[in-house]
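Inside the fold
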Amino acid sequence: QVQLVESGGGLVQAGGSLRLSCAASGRTFTSYAMGWFRQALGKEREFVAAISWSGGSRYFADSVKGRFTISRDNAKNTVYLQMNSLKPEDTAVYYCAAGRGSSYYYTPLKYDYWGQGTQVTVSS
């Protein structure tokens, strides 16, 4: 069982930055791939970024490439999403997820555990 708690969301102006954190409980954090998804009001949940269990592979949605980075600190059981050059269209609830399935990183089917989400609002 893995429990995930996101933090770091908030209100920021366009062009600004935020760093989201996702703290995981459990002793098996290092065996999980970690992903970030987001859901804007009235829209479906969409993939943002993911990182393999070792941190050696990273994946990004086209909409955030070059602006967002993902990293993990396995000693702290934490995964981070650094968001730079934020745009109003990045406004959404951001969810952290953990999974060990064989599905592609960009699909929610890969992930077994989800956090409650943190709101990110980017004003124009």
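First, a word on scope: everything that follows refers to the structure included in this document. As the structure is a prediction and not an experimental result, all values here were calculated from the model. (Residues numbered from 1 in each chain as written. Predicted model: local features only at pLDDT ≥ 70, side-chain atom pairs only at ≥ 80, totals over all residues. Heavy atoms only, no water.)

1. Brief notes about the overall build of the protein chain
To keep it simple, the criterion reads: Going along the chain from the N terminus, every DSSP run of H or I of four or more residues is numbered as a helix, and every run of E of two or more is numbered as a strand. With C-alpha atoms as the basis for the radius of gyration, the globule rule is written as 2.2 Å multiplied by the number of residues raised to the power 0.38. Whether two residues touch is decided by their heavy atoms; if any such pair falls within 4.5 Å, the residues are in contact. We get accessible surface area from the Shrake-Rupley algorithm with a probe of 1.4 Å; when it comes to residues, only the shown protein chains can shield them. Positive charges are assigned to Lys and Arg, negative charges to Asp and Glu, while His and the chain termini are left out of the count. Charge placement uses NZ in Lys and CZ in Arg. For Asp and Glu, CG and CD serve respectively.
Of the regular secondary structure elements, the protein chain holds 0 helices and 11 strands. For the protein chain, the α and β elements follow one another from N to C terminus as β-β-β-β-β-β-β-β-β-β-β. For the protein chain, whose C-alpha radius of gyration is 13 Å, the value lies close to the compact-globule estimate of 14 Å for 124 residues. With the C-alpha coordinates aligned to their principal axes, the bounding extent of the protein chain is approximately 40 × 25 × 25 Å. Of the contacts formed within the protein chain by residues at least 6 apart in sequence, a portion of 57% connects residues at least 24 apart. When the accessible surface of the protein chain is summed, it comes to about 6500 Å², and 47% of that surface belongs to carbon and sulfur atoms. Once the 13 positive and 8 negative side-chain charges of the protein chain are each reduced to a mean point, those two points are 7 Å apart.

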